[in-house]
Amino acid sequence: MNNREVRQISDEEVRQTLTKEELQQTQVLNFQEVQKAIRFEKITSKRPAVLVAIIGIISLLFGGSLQIANSLKTTPKNIQKRDTKQNIQLEIKNLNCTKKIDNQNNTNTVYNITYKFENDKLVGFTKEYTVSATSTKEESKKSIEEITTEFKSMMNEIDGYQVSIYNNEKESVTLTVTVDYKKLDLTKLNNIQQTKQYTKVDYNKNESYIKIKEDMTNQEFTIQ
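The following paragraphs examine the structure supplied in this document. This is a predicted model, so every value here is computed, not measured.

Reading the values: rules and limits
Here the residue index of a chain counts from 1 through its sequence in written order. Per-residue local features of the predicted model are confined to residues with pLDDT of at least 70, and side-chain atom pairs are confined, for both listing and counting, to 80 or more; whole-chain, interface and lining totals are unaffected and use all residues. As a rule here, side-chain values come from all non-hydrogen atoms in the structure, and water together with hydrogens is ignored. Segments assigned H or I by DSSP are reported as helices when at least four residues long, segments assigned E as strands when at least two residues long, and all are numbered from the N terminus. Between the first and last residue of a helix there are one fewer steps than residues, each counted as 1.5 Å, and that sum is the expected span. Accessibility here uses a 1.4 Å probe with only protein chains present; expressed as a share of the type maximum, an area under 20% marks a residue as buried, one over 50% as exposed, and anything in between as partly exposed. The arc refers to the directions leading from the helix axis to the C-beta atoms. By definition, residues are in contact when any of their heavy atoms lie within 4.5 Å. Pairing between strands is defined by DSSP: at least two bridges between them are needed. Ring pairs are drawn from Phe, Tyr and Trp, using the six-membered ring of Trp, whenever the two centres fall within 6.5 Å, and their geometry is named by plane angle: stacked under 30 degrees, edge-to-face over 60, tilted for the rest. A ring has a charge above it when a Lys NZ or an Arg CZ is no more than 6 Å from the ring centre and no more than 35 degrees off the ring normal.

Further remarks concern helix α5 (residues 138-152). With 15 residues, α5 ought to run about 21 Å at 1.5 Å a step, and its terminal C-alpha atoms sit 21 Å apart, in line with that. Listed in full, the buried residues belonging to α5 are Ser140, Ser143, Ile144, Ile147, Thr148 and Phe151. The arc enclosing the buried residues of α5, seen along the axis, measures out at 135°, which places them on a common side. Facing away from the buried surface of α5 by more than 90 degrees, the exposed residues are Glu138, Lys142, Thr149 and Lys152. Packed against the buried residues of α5 are β2 (107-118), β3 (121-133), β4 (161-167) and β5 (172-180).

And the structure:
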């Protein structure tokens, strides 16, 4: 058997023993060195050549498994970092505004507004407008009844705009308006809602925290 025959047999043995996929997965073993070793040992003995090939295969498989294990180990950490970063970027903040008004019809009014912000951009608000009787006189109770009737005419709800009324036996009445700008379509809002301060949508979506705080201060609201 000449050297050419030995080289052809060795190439065939290597191709049968090592798959293409295994060769691509490792950077540890140099395939050409395995070929040289097998050719050299084939001339003297078949057994050492087979032994070298087996060692090469084990190294290939071990190297590929190690790469896969490292990949699985690092992937969850990267995802967790991205999620944590997204949570840090979202800042939720409220602006609480209160004003008390003494009326001339034996009632007073407490006006509370809570504006909700994400990253200093307006995303919603809740208005509470409470009118209370300041005496037990019939005219005071009559004022509460009239205001309650007026409030009931404002109960026109749509997605993102909710209205509720609570009447405390003619002693007080509270109108609550809750707006979620993520659901609200202003073009669908009833025109009557914009005629009263306590039902009006005063600001557009994403209005800045600083602007609303300045406006509320100028309107003599107490800011918290």
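Keep in mind that most residues, glycine aside, have a negative phi and that most peptide bonds are trans. The phi dihedral of Asn119 is positive, around 55°, even though this residue is not glycine. By the secondary structure assignment, Asn119 is in the loop between β2 and β3. With a phi close to 65°, Asp120 is a non-glycine residue in the positive phi region. Residue placement: Asp120 occurs in the loop between β2 and β3. According to the relative accessible area criterion, Asp120 is partly exposed, its value standing at 30%.

Every regular strand shows the same layout, with side chains that alternate between the two sheet faces. Alignment of β4 against β5, held across seven bridges, turns out to be antiparallel. Within β5, the position partnered with Asn167 by the bridge is Val173.

What follows is about the packing of aromatic side chains. The geometry of an aromatic ring pair comes down to the distance between the two centres and the angle between the two planes. A complete count under the given rule lists nine aromatic pairs for this structure. Aromatic pair Phe151 and Tyr198: ring centres 5.0 Å apart, planes at 65°, arrangement edge-to-face. Of the two residues, Phe151 is situated in helix α5 and Tyr198 in the loop between β5 and α6 (209-218); the sequence distance between them amounts to 47 residues. For the pair shown, Phe151 and Tyr198 are each scored as buried. Through successive ring pairs, a cluster of aromatic residues spans Tyr111, Tyr129, Phe151, Tyr198 and Phe221. Directly above the aromatic system of Tyr209 lies the positively charged group of Lys93, at a separation of 4.3 Å from the ring centroid.

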